[in-house]
Amino acid sequence: MIDFASYKKIVNESLEDYLPKKVGEAKRLYESMGYSLLSGGKRLRGSMLLFSAGYCGLEIKDALPFACALEMIHAYSLIHDDLPVMDNDDLRRGKPTNHKVYGDAMALLAGDALLNQAFEVMAQEGAKLSGDRAACALRAIAYISKCSGASGMIAGQVADMKDFEPNEQRLLYIEENKTAKLFMAALAGGAYLAGAPEEITAAFEKYAYNYGLAFQITDDILDETGDEALIGKPIKSDEKNNKLTAVKLFGLDGARQHAVKAVNEAVFALEGMKGTKALCDLALSMADRKF
């Protein structure tokens, strides 16, 4: 099993292969899509999908289109999240956000196009397969769609932007759907793609759920205490946008305690599974996360 730095490198080197070529009438749209997709980032979701699929016996080349598609879904969500009608952010990863470069309308369409491109890539890959492998690909596509759609990430975004009751139940709903569901799409989606046994898929899903909670809570903490140069965007934007966050509800110390609890639950989910040290280390490194 290779390490996550290697998975990140593989995903980074492959993403452009799955984008439309920047020619023709829609050239500027394709440039806008590439601007956000290829602008860097942790590539955690794509790397996690490669890890889980590989852990369950699938070769990297067979999982790579799905990993890149998941990064497209993530990129589209960030483009839309930054728009003036949402969080109205000017910077992402230290660069002007998509709409500041290409305009609101083009950014909106680039996000739409990346989402559709993601499912085109996965469907085209699935169409090459037959029998059980085709069924596994279809199951993975359906699961990724559910996690990223109206009962997953988008539902979380809706809860994040609307008027809220500042309580733990609503905060958990936002953390689960806005953030954790896409990590679940990565790890459980990779397991589905590989045709893994139900108990392995469930363990990866539980890990990803808790990892996602810890990741979002840490995001909330970094928005309050982080270094803008490292984060790549202004801090205290949650306060500016009146967002419900773990820091707002529990304070900094309380938020840190919740993050530690989620990390421990993530690691516990993999108890007894040999070959998952890289995932455990990834969760445990959350305490040192700076961006």
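Refer to the structure above for everything that follows.
About the cut-offs
Residues numbered from 1 in each chain as written. Predicted model: local features only at pLDDT ≥ 70, side-chain atom pairs only at ≥ 80, totals over all residues. Heavy atoms only, no water. Helix = DSSP H or I, 4+ residues; strand = E, 2+ residues; numbered from the N terminus. Rg over C-alpha atoms; globule rule 2.2 N^0.38 Å. Buried < 20%, exposed > 50% of the residue type's maximum accessible area, 1.4 Å probe, protein only. Contact = heavy atoms within 4.5 Å. Areas by Shrake-Rupley, 256 points an atom, 1.4 Å probe, with all protein chains shown as cover. Lys, Arg positive; Asp, Glu negative; His and termini not counted. Charge placed at Lys NZ, Arg CZ, Asp CG, Glu CD. Phe/Tyr/Trp six-rings, centres within 6.5 Å; stacked < 30°, edge-to-face > 60°. Lys NZ or Arg CZ within 6 Å of the ring centre and 35° of its normal. Salt bridge = Lys/Arg side-chain N within 4 Å of Asp/Glu carboxyl O.

**Examining the overall build of the protein**
Across its full length, the protein holds 14 helices and two strands. Relative to its length of 291 residues, the protein is compact, with a C-alpha radius of gyration of 18 Å against a globular reference of 19 Å. With the C-alpha coordinates of the protein rotated into their principal frame, the extents come out at 55 × 50 × 30 Å. Burial statistics for the protein: of 291 residues in total, 51% are counted as buried. Across the protein, contacts joining residues at least 24 apart in sequence account for 74% of those joining residues at least 6 apart. Put simply, the protein shows about 13400 Å² of open surface, and 54% of that area lies on carbon and sulfur atoms. Between the centroid of the 34 positive side chains of the protein and the centroid of its 41 negative side chains there is a distance of 2 Å.

**Some details on the packing of aromatic side chains**
One pass over the structure, following the stated rule, counts 12 aromatic pairs. Ring centres of Phe4 and Phe51 lie 5.6 Å apart, and the angle between their planes is 15°; on these two criteria the pair is classed as stacked. Taken together, the residues Phe4 in helix α1 (residues 4–14) and Phe51 in helix α3 (residues 44–55) connect sequence positions 47 residues apart. For the pair shown, Phe4 and Phe51 are each scored as buried. A ring pair is formed by Tyr35 and Tyr102, whose centres lie 5.6 Å apart and whose planes are at 70°; its orientation type is edge-to-face. Of this pair, Tyr35 sits in helix α2 (residues 27–37) while Tyr102 sits in helix α5 (residues 98–102); the two residues are 67 residues apart in sequence, bridging distant segments of the chain. Overall, the relative accessible area of 17% leaves Tyr35 in the buried class. Using a relative accessible area of 16% as the deciding quantity, one classes Tyr102 as buried. Taken together, Phe4, Tyr7, Phe51, Tyr55 and Phe204 form an aromatic cluster joined through their ring pairs. When the ring centre of Phe215 is taken as origin, the NZ or CZ atom of Arg45, which lies over that ring, is 5.7 Å away. The ring of Phe215 has Arg289 sitting right over it, with the charged end atom 3.8 Å from the ring centre.

**Thoughts on the pattern of salt bridges**
This structure, assessed with the given rule, holds 15 salt bridges. As a salt-bridge pair, Lys100 and Asp90 come within 3.7 Å of each other at their nearest N and O atoms. One end of the pair, Lys100, is in helix α5; the other, Asp90, is in the loop between α4 (60–82) and β1 (91–92), with 10 residues separating them in the sequence. On the basis of relative accessible area, Asp90 is assigned to the partly exposed category, the value being 42%. Each of Glu59, Lys61, Asp62 and Arg133 takes part in one network of salt bridges that share partners.

**What to know about the environment of Ala5**
Along the chain, Ala5 turns up in helix α1. Accessibility expressed as a relative area gives 58% for Ala5, which makes it exposed. As for Ala5 and Leu44, which are separated by 39 residues in sequence, their C-alpha atoms are 9.7 Å apart.

**A word on helix α8 (residues 153–161)**
By the burial criterion, the buried members of α8 are Met153, Ala155, Gly156, Gln157, Ala159 and Asp160. Those residues of α8 that are buried lie in contact with α4, α7 (131–148) and α9 (168–194).

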